[in-house]
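Analysis of the macromolecular model
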Amino acid sequence: MIPLRDNIPSRTVPVVNYAVILACLAVFAVQSGDRDGRLTFLYGMIPARISQPDRPVVIEHRELVQTVFGVREVEFRSEVPQPPMPVWLTVLTCIFLHGSLMHLAGNLWFLWIFGDNVEDRLGHLGYLLFYLGSGILASLSHYWMYPGSVVPTIGASGAIAGVMGAYLYLYPRANVVSLVPILMFLQVLVIPAPVFLGLWFLLQLWQGTFAVGAGEAAGVAWWAHIGGFAAGFAVAWLLGASGQTHPRVTVLRPATDRRFSRLQTPWD
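Residues numbered from 1 in each chain as written. Predicted model: local features only at pLDDT ≥ 70, side-chain atom pairs only at ≥ 80, totals over all residues. Heavy atoms only, no water.

Moving on, we get to the side chain of N107. Within the secondary structure, N107 sits in helix α5 (residues 101-122). Those residues within four positions of N107 in sequence are excluded, and the remaining contacts are H98, G155, A156, S157 and I160. (Helix = DSSP H or I, 4+ residues; strand = E, 2+ residues; numbered from the N terminus. Contact = heavy atoms within 4.5 Å.)

Set out below in structure tokens:
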């Protein structure tokens, strides 16, 4: 399911959400000139480097090499460079790096859809601290599951998962207009936010459970998504229970916005 928009209007300009998006775009622009991926190894979170900061992290990989005896598979060993800062700070710096344009676009689109409304409820400074904190907790969740991994972890998806978890608590009656593949066709459907976000979380949990048996993490950091989402929901619940969130906003009613003419239940 691909979210297209929700029916929650923002009362304020989400300046922090915009700033985070611009920061990720700027970092990716710098990464585009980094042909050998050095920035990924310097500022990405490598769990083994945090577990054993005094020991060099060595990555082994195999490549096909042309030799006088023909093409042979050769094993190479390379030491991961140390970051120009304490290694534990990479649990934060990693959330601003991305591996590809599609990785970046997918993350920032979800942040664009859900982040403005969460910032509306938490306030600008509160949202900034919440976003960074969610990213750190997501990174630590991945680290907890794979403390010996030498694969760099990068991406804002763990922090954005925290935003989605907070959105689920703060806007339980919201709706999300989504592009959904049904058989061989794409359909635009209005889906209740708890259904959309709940299915997304269950998918992460399902994939993460199977990934545990695969050994060292590679590909997608499912447990960063799981940890970030759970942390975001829990923090929003704590803030809401203590009255620290701003007043709720009103859902767009059918009479005021024909795009949501299928919505019958107003926000209360």
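Structure shown, so let's carry the discussion forward.
This brings us to the pattern of salt bridges. Within this structure, the stated rule accounts for one salt bridge. Measuring nitrogen to oxygen at the nearest pair gives 3.3 Å for the salt bridge that ties D120 to R11. With a gap of 109 residues between them, D120 in helix α5 and R11 in the loop between β1 (2-6) and α1 (15-31) connect regions that are remote in the sequence. (Salt bridge = Lys/Arg side-chain N within 4 Å of Asp/Glu carboxyl O.)

Another aspect to go through is the packing of α1 against α5. Viewed as axis vectors pointing N to C, α1 and α5 meet at an angle of 170°, and their least axial separation amounts to 9 Å. Overall, the two elements α1 and α5 adopt an arrangement that is roughly antiparallel. Contact residues: α1 offers V15, V16, N17, Y18, V20, I21, C24, L25 and F28, while α5 offers L101, L104, L108, L111, W112, G115, D116 and E119. (Axes fitted to C-alpha atoms, helices over the stretch in contact; angles between N-to-C directions. Parallel < 35°, antiparallel > 145°, perpendicular 65-115°, else oblique.)

Within the fold, F28 resides in helix α1. Residue F28 is classed as buried on the basis of its relative accessible area of 19%. Spatially, the C-alpha atom of F28 lies 8.6 Å from that of G99, the residues being 71 residues apart in sequence. Once you skip the residues sitting within four places of it in the chain, F28 turns out to touch H98, S100, L101 and L104. (Buried < 20%, exposed > 50% of the residue type's maximum accessible area, 1.4 Å probe, protein only.)

Moving on, we come to the packing of helix α8 (residues 193-212) against helix α9 (residues 222-241). Packing of α8 against α9 brings their axes to within 8 Å, and their N-to-C directions diverge by 135°. Comparing their axes, α9 and α8 come out oblique. The crossing of α8 and α9 is left-handed. Here L197, W200, F201, Q204, L205, Q207, G208, T209, A211 and V212 of α8 lie close against α9, whose contacting residues are W222, W223, H225, I226 and F229. (Left-handed = near helix turned anticlockwise from the far one by under 90°.)

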